[in-house]
Amino acid sequence: LRETRPAAVWVISEGRAGMEGVIAVRRIYPDLPVIWFSNDSGFAPQAYRLHVNYFTLMPINEDKIMTALKKCGFMHRKDIVTVRSVHSNKTFSDN
């Protein structure tokens, strides 16, 4: 993430690991658009507090992806990075 500034970051995770991923992104890029897909609606307040551009629940579908892109102000950019957090003891890993 630090080598090249992405246009946006997608955090796709279960539970607390997603919040940890968003926090890690915010430390590096406080103003970067963040899209967070979670399996737990209880993280919505944290998404708001962390200024996530779009927070929604899994499963992911085309409508949610299109809405997320619109909320971030772009639709057809190719430089969007996907970040997946898979373990609560790891902040995030590139996929």
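None of these values were measured; they are calculated from a predicted model. (Residues numbered from 1 in each chain as written. Predicted model: local features only at pLDDT ≥ 70, side-chain atom pairs only at ≥ 80, totals over all residues. Heavy atoms only, no water.)

**Description of the confidence of the model for the protein chain**
- Model confidence for the protein chain is summarised by a mean pLDDT of 82, while 77% of its residues fall at 70 or above.
- Residue range residues 83-95 is modelled with pLDDT below 50. Its contacts to residues more than four positions away, or to other chains, number 33 contacts. (pLDDT = per-residue confidence, 0-100. Contact = heavy atoms within 4.5 Å.)

**Things to note about the side chain of Arg-26**
- Inspection of the secondary structure assignment puts Arg-26 in helix α1 (residues 16-28).
- Buried and without a salt bridge, Arg-26 has Asp-31 as its closest oppositely charged side chain, separated by 6.3 Å.
- A distance of 3.3 Å separates a polar atom in the side chain of Arg-26 from the backbone oxygen of Tyr-29.
- If sequence neighbours within four positions are ignored, Arg-26 has contacts with Asp-31, Leu-32, Val-34, Leu-50, His-51, Val-52 and Asn-53. (Helix = DSSP H or I, 4+ residues; strand = E, 2+ residues; numbered from the N terminus. Buried < 20%, exposed > 50% of the residue type's maximum accessible area, 1.4 Å probe, protein only. Lys, Arg positive; Asp, Glu negative; His and termini not counted. Salt bridge = Lys/Arg side-chain N within 4 Å of Asp/Glu carboxyl O. Polar contact = N/O pair within 3.5 Å; in protein donor to acceptor, adjacent residues only side chain to side chain.)

**Some points on the packing of aromatic side chains**
- For the structure shown, the criterion picks out three aromatic pairs.
- Measuring from centroid to centroid gives 6.0 Å for Trp-36 and Phe-43, while their planes differ by 45°, and the two rings are tilted. Comparing Trp-36 with Phe-43, the two get one shared label, buried.
- Seen in terms of ring centroids, Trp-36 and Phe-55 are 5.1 Å apart; in terms of plane orientation they differ by 85°. Their pairing is edge-to-face. In this pair, Trp-36 is assigned in strand β2 (residues 34-38) and Phe-55 in strand β3 (residues 54-57), connecting sequence segments 19 residues apart.
- What links up through ring pairs into an aromatic cluster is the set Trp-36, Phe-43 and Phe-55. (Phe/Tyr/Trp six-rings, centres within 6.5 Å; stacked < 30°, edge-to-face > 60°.)

**A few points about the nonpolar core**
- In terms of nonpolar packing, the biggest core is built from 13 residues, with Val-11, Val-22, Val-34, Trp-36 and Val-52 touching the most fellow members.
- Every element with two or more residues in this core is listed here: β1 (9-13), α1 and β2.
- The leading source of residues in this core is α1, at three residues.
- If near-sequence neighbours (up to four positions away) are discounted, Val-34 is found in contact with Val-9, Val-11, Val-22, Val-25, Arg-26, Val-52, Asn-53 and Tyr-54. (Core = buried A, V, L, I, M, F, W, Y, C linked by side-chain atoms within 4.5 Å.)

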